[in-house]
Amino acid sequence: MSDRLRLSTLSRVPAASRPRITPGEAGAGIVHLGLGAFFRAHQAVFTEDAMAAAGGDWGIVGVAPRSVTVLEALRAQDNLYSVTTLAAGGRSARVIGSLAGLRHAASDPGAVVALIADPAIRMVTLTVTEKAYRLDPATGRLLLDDDLRGDLETDRPPRTVPGLLIRGLAARRQADGGPIALVSCDNLPANGHLLRGLVDHLAEATALSGWVRENVTCPGTMVDRIVPASTAETLAVARGELGVRDEAALWGEPYRAWIIEDDFPAGRPAWERAGAVLTGDPRPWERLKLRSLNGVHSAVAYLGALAGRKTIADALTLPGMAATMRRFIAEDIAPSFTAPDGVDTVEYGEEVLRRFDNPAMGHRTVQVAMDGSQKLPQRVLHAVRDRRAAGATPRWGALVVAAWMRFVRGVADDGSPLPLDDPLAGVIRARLEKAPDTPPGLVDALLGLDSVFAPELAGDEVVRQLLVDWLTDFDRHGVAATLASAA
Ligand code: CS2
C-alpha cells in the first residue's frame, strides 16, 4: 500500500487534517499563475475555506510557469498537499483540496491560453514575483525585451506572463468568454493599478483595448503570510503530522491576512467567510505592509546575512538588531505615509517583529535577500524618498540600503560567500568590477542603477553621504558591531 498522500490514502490522515471540502467536487473557476509556496499556503487556503463556508465552483487550476518539480509532486498526489502551521504553542497540519487542476506554461502555453478563454474561469490570480511583470522597478516603464515583443508581435507560443495574459484575453474575446478579473497577489505597490497599466498597455499593442476596458478588472490586494521555502525537515514534519508522505508539503506561520479590492465582474468566492477583508481601496494596507513588514524583513535579511546569521529569527537576536528595527519603523517608516484608519504603524511593527521571531520556521536570510533590485524600491526606497521630500534625514532607511549594497558584493563579514540571486546580478557585478572597492566607489556605482534608484534619490547628496557613512562603519567595525552601537 502506498504511503504517499493522495485521494486513496486520505482516510489515513487524521480527520482534523483532511481538506474542508471534497477534493475535485467543485468545478474550476480560477486560474492561478505561479505555483509557489506562498500561493499554496495563502490564497489556496482562503479559497478552500470560502468554498467550505459558502460553496461555489471556485476550484483553482494552478499553472507552473517554468519549474516542473512542484507540479510533478502534486500530480502524483491527486493535486493534494499539506500546510503545517508552526505556532509557538505547537503545530498543526491540514491538507488542502482546492486545486482543481495543473498546467505547465513553458511546455504547454496553449493550454493556459485556452483556460483563460474558458467562460467557466472567472478570474486569473497571480503570484509570479516582482520581476515577471517586466516593469522597471524605479520608473514603472514596461521592459520590452525580445521575449515579450515576440509574445505581442508574432503568433509563436507566449513565453512571458504578460504574454500569456494578453493571448488568453484575446482568446477569451474570440470565444465570447465574458468578463474576468485579473488579480495580482504579488508584493508590489498598488498591485492592481500596476497590473491594470500593464494590461492596458498590452491591449493597446494588440488592438484589444475596447474589449479589455469593458470586460477586465484588476482588483488590488494586500497579501500576507510568512511561508519559508520547504526543506527536508518540512517534509519530515508533515509526514509525522499526516501519517503519509507529502512531497509538496509546506509550512508557514499562523498569521494570515488578505485585503482585496471588491471588483469582480464575474463573481468571486466568499472569501470574507474565510477571514479576508473585501474593501474599496486596499492601497493603504499594501503600503503599510510593504514598508513595515517587507521593508523590515529585507533589512533583517541583509544585515543578518552579512553578520553571518542564517535565519531571520536568529538575525533578530543580534545585539542591537531589534532596537535598530524599532527606530527604523518609528523614525523612518511610520512618518513616511498615512496608515489605514485605526492602525498604528509602530504597534503593527511590534507585531511584525514578533512574527519574525519564530525560530521553528528556519526562514533563511538569503531567501528574503534575493531579488533585492526588484524589492528595494517599494520596500525601502519609497519611504526614504518620502522622508527626504519632507526634509527629514532617513538614517535607518539608509542603513538598510547600505546593507544591500554591501550584500551584493557577495561576501559576508566572516569572508564566506553570499549568493547574488537577482535579475540584475550581471549588471550589478559589471558595475562593481569597474568601481573602486571603497564606500564612495560602491555607493556611486550602485546609485547609478537607474532601474532601482530614481533620479531624485540618486542625486541626493544627503542620502549619498548617509550611505557612505554606514558603509565606512561596516568596513571599520563589521555589521554586527555597527548594529550593536547603532540605536
Ligand atoms: C519576504 C516575503 O521573501 C520575502 O521577500 O519578505 O515573502 C514575506 O514573507 C511575505 O510577503 C509575508 O507576507
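As the structure is a computational prediction, the values presented were derived from the model and not from experiment. (Residues numbered from 1 in each chain as written. Predicted model: local features only at pLDDT ≥ 70, side-chain atom pairs only at ≥ 80, totals over all residues. Heavy atoms only, no water.)

Observations concerning the overall build of the chain
To keep things clear, this is the line we draw: Helix and strand definitions follow DSSP, with helices as H or I runs of at least four residues and strands as E runs of at least two, each counted in order from the N terminus. Summary of the burial criterion: residues with accessible area below 20% of their type's maximum are buried, those above 50% are exposed, and those between are partly exposed, where the area comes from a 1.4 Å probe applied to protein chains only. Any two residues having at least one pair of non-hydrogen atoms within 4.5 Å are treated as being in contact. Accessibility throughout is a Shrake-Rupley quantity obtained with a 1.4 Å probe, and a residue counts as covered only by protein chains that appear here. We treat Lys and Arg as the positive residues and Asp and Glu as the negative residues; His and chain ends play no part in the count. Charged side chains are reduced to one point each, which is NZ for Lys, CZ for Arg, CG for Asp and CD for Glu.
Each helix and strand counted, the chain has 21 helices and 12 strands in total. Sorting the 487 residues of the chain into buried and exposed places 56% on the buried side. Once local pairs closer than 6 in sequence are excluded, the contacts in the chain between residues at least 24 apart make up 76%. For the chain, the exposed surface amounts to about 18700 Å²; the carbon and sulfur share of it is 50%. Side chains of the chain give 53 positive and 59 negative charges; the mean places of these two sets differ by 3 Å.

Looking at unusual backbone geometry
Phi angles above zero are rare outside glycine, and asparagine 79 is one such case at about 70 degrees. The topology assignment puts asparagine 79 in the loop between α3 (69-75) and β3 (81-87). By relative accessible area, asparagine 79 is classed as buried at 17%. Although it is not a glycine, arginine 134 adopts a positive phi angle of roughly 55 degrees. Along the polypeptide, arginine 134 turns up in the loop between β6 (123-126) and α5 (146-153).

Some thoughts on the domain arrangement of the chain
The cut-off we apply is this: For the domains described, the bounds stem from an automatic or database domain assignment. Summed over both partners, buried area is the accessible surface (1.4 Å probe) that two parts give up on being assembled.
Domains assigned within the chain are domain 1 (7-280) and domain 2 (284-486). Contacts between the two partners involve 26 residues from domain 1, matched on the other side by 30 residues from domain 2. In total, about 2300 Å² of surface goes out of reach between domain 1 and domain 2, with carbon and sulfur atoms giving 59% of it. Three residues stand out in domain 1 for area buried against domain 2, namely Lys131, Pro137 and Ile226, and they jointly supply 24% of the buried area on that side.

As for the pattern of salt bridges
What counts is decided by this rule: Should a side-chain nitrogen of Lys or Arg be within 4 Å of a carboxyl oxygen of Asp or Glu, the pair is scored as a salt bridge.
Inspection of the entire model under this criterion finds 29 salt bridges. In this structure, the salt-bridge partner of arginine 406 is aspartate 475, at a minimum N-O distance of 2.9 Å. One end of the pair, arginine 406, is in helix α16 (residues 395-407); the other, aspartate 475, is in helix α20 (residues 461-477), with 69 residues separating them in the sequence. On the basis of relative accessible area, arginine 406 is assigned to the buried category, the value being 9%.

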